[in-house]
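Commentary on secondary and tertiary structure
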Amino acid sequence: MQKTLSSSAFSDSKPHYELLDGLRGVAALLVIWYHVFEAFATSPIDQKFNHGYLAVDFFFILSGFVIGYAYDDRWKMTMTVKDFVKRRLIRLHPMVVMGAILGACTFYIQGSEKWDGSQVSLSVLMLAMLLNLFLIPAIPGSKVEVRGNGEMYPLNGPSWSLFLEYIGNILYALFIRRLSTKSLALLVSLSGIGLAAFAISGLSGYGHLGVGWTLLDYNLIGGFLRLMFSFSAGLLMSRVFKPVKIRGAFWICSLVIAVLLSVPYVGNKEFSWINGIYDSVCAILLFPLLVYWGASGKTTDKWTLKICKFFGDISYPVYIVHYPFMYLFYAWVWNNDLTFGQVWPVVLLLFFGNILFAYLCLKLYDEPIRRWLSKRFLSKK
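Residues numbered from 1 in each chain as written. Predicted model: local features only at pLDDT ≥ 70, side-chain atom pairs only at ≥ 80, totals over all residues. Heavy atoms only, no water.

Two side chains with opposite charge may pair up if their charged atoms get near one another. The final tally for this structure, using the stated rule, is eight salt bridges. Note that Asp72 is salt-bridged to Arg239, the shortest N-O span being 3.5 Å. Note that Asp72 is positioned in the loop between helix H2 (55-71) and helix H3 (81-109) and Arg239 in helix H7 (residues 219-240), a separation of 167 residues in sequence. What makes Arg239 partly exposed here is its relative accessible area of 26%. Residue Asp366 is joined to Arg370 by a salt bridge in which the shortest nitrogen-to-oxygen separation is 3.1 Å. You can see Asp366 and its partner Arg370 sitting in helix H11 (residues 340-377), four residues apart, about one turn around the helix. Residue classification places Asp366 among the buried residues on the basis of a relative accessible area of 0%. Taking the relative accessible area as the measure of exposure, Arg370 reaches 1% and is therefore buried. (Salt bridge = Lys/Arg side-chain N within 4 Å of Asp/Glu carboxyl O. Helix = DSSP H or I, 4+ residues; strand = E, 2+ residues; numbered from the N terminus. Buried < 20%, exposed > 50% of the residue type's maximum accessible area, 1.4 Å probe, protein only.)

This is the structure:
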């Protein structure tokens, strides 16, 4: 563990696991590539860079592990539910606000049109932004579901995972933290069985775990199963964690994550359960193992430490701000019937531009706002 606090730790006093910060950043950058290739796919089956959606399961495990490590031993001393909620809001919500405003701006630039070409009024757009600011989901088919494709947060799709993250944090503060280790292990086992059953049975329609982003059908149920297993598994690992010796943990884990998240669809429409097995193995077995390895590893040189810190610092900003630009990219590609071979220079600009924009958001907005909020609401009188 590093001795100095990372950017993600203004509201906390414990040092962070620097390798886990770095791995979170690697996964966030891979999400960009997953979303890039959505522009050239007709379904989840034929998308080339296919399994980037599993990064969310990895994020939830990391969240459970880090929150358990940072807060579990505080509840009997100074921590209250109110204090915990304030800390999590200060950590997460400034970028939620930025993502909502950015999403409204890019939607307006795009022409304020739904995917079917119908116009959205400015007043409805402002109402949709207001709902996104407070993470209130949009009902499919309602006026504020402004893109018309069923997203809970049509101005910034990835906000759905923050909605579930908040629910996980609330459940932790009110209930899960009180469970004994054996009871927590039982919760992990039951939710893992439910998650695997969801994936393999094909309730998502394609035998995958890319669910949680809409209120339609069984999608949100799948999202809750993803949260409950992964968050609880991370919390359980933080309680029983005993580091093992592993050299080059960051690079090994980064490579494995890159491979797992980029694998093409496994099977086909007729045998979608095969892909469900793949997703289940990744989410239930491999990701917890990678988090365990990452928490066990140590940086052995200053360059790895700098990379981990930079990746960790931009991981959340880049995840929350990149998708509004993807909407513009999709509209451009689809309206002009373009292929990846025709637009790859723009894709590189989009990738590195998002990294730069996320870093600017971090330094000029997120960090200053969190410093002020921490001083205003967390400082002891």
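It is worth spelling out helix H9 (residues 272-296) at this point. Compared with the 36 Å implied by 1.5 Å per residue over 25 residues, the 35 Å span of H9 between its first and last C-alpha is a close match. Taking the largest bend as the criterion, H9 deviates by roughly 40 degrees, centred on Leu286, and proline Pro288 comes between one and four positions later. (Expected span 1.5 Å × (residues − 1). Bend = angle between axes of the 7 residues up to and from the residue.)

So, on to the packing of aromatic side chains. Taken as a whole, this structure holds 32 aromatic pairs when the rule is applied. Residues Phe40 and Phe340 carry aromatic rings whose centres are separated by 5.8 Å and whose planes lie at 90 degrees to one another, so their mutual orientation is edge-to-face. Residue Phe40 is found in the loop between helix H1 (18-38) and H2, and its partner Phe340 is found in helix H11; the two are separated by 300 residues along the sequence. Classification of Phe340 as partly exposed rests on a relative accessible area of 30%. Taking the centre distance of 5.7 Å and the plane angle of 75 degrees together, the rings of Phe58 and Phe287 count as edge-to-face. You can see Phe58 sitting in helix H2 and its partner Phe287 sitting in helix H9, a full 229 residues away along the chain. Since its relative accessible area comes to 1%, Phe58 is described here as buried. A relative accessible area of 0% places Phe287 in the buried class. (Phe/Tyr/Trp six-rings, centres within 6.5 Å; stacked < 30°, edge-to-face > 60°.)

This part covers unusual backbone geometry. Within the chain, Asp217 stands out as a residue other than glycine whose phi angle is a positive 50 degrees. Mapped onto the secondary structure, Asp217 falls in the loop between helix H6 (181-201) and H7. The phi angle at Asp337 is positive, at roughly 50 degrees, despite the residue not being glycine. Within the secondary structure, Asp337 is located in the loop between helix H10 (302-336) and H11.

To continue, consider the packing of H1 against H9. Angle between the axes and distance between the axes are the two parameters that describe a pair of packed helices. H9 packs onto H1 with a crossing angle of 135 degrees between their chain directions and a minimal axis gap of 7 Å. Classified by the angle their axes make, H1 and H9 are oblique. The crossing of H1 and H9 is right-handed. In this structure, H1 uses Leu19, Leu20 and Leu23 to contact H9, whose residues at the interface are Leu290, Val291, Gly294 and Ala295. Class assignment of the residues belonging to the contact of H1 with H9 gives a composition of six nonpolar, one polar and no charged. (Axes fitted to C-alpha atoms, helices over the stretch in contact; angles between N-to-C directions. Parallel < 35°, antiparallel > 145°, perpendicular 65-115°, else oblique. Left-handed = near helix turned anticlockwise from the far one by under 90°. Contact = heavy atoms within 4.5 Å. Nonpolar A, V, L, I, M, F, W, Y, C, P; charged D, E, K, R; others polar.)

At a closest axis distance of 8 Å, the pairing of H6 and H7 adopts a crossing angle of 145 degrees. The way H6 lies across H7 gives a crossing that is left-handed. Contacts between H6 and H7 involve Thr181, Leu184, Ala185, Leu187, Val188, Ser191, Gly192, Gly194, Leu195 and Phe198 on the former and, on the latter, Gly222, Leu225, Arg226, Met228, Phe229, Ser232, Ala233, Leu235, Leu236, Arg239 and Val240. Of the residues that constitute the contact of H6 with H7, the class distribution is 13 nonpolar, six polar and two charged.

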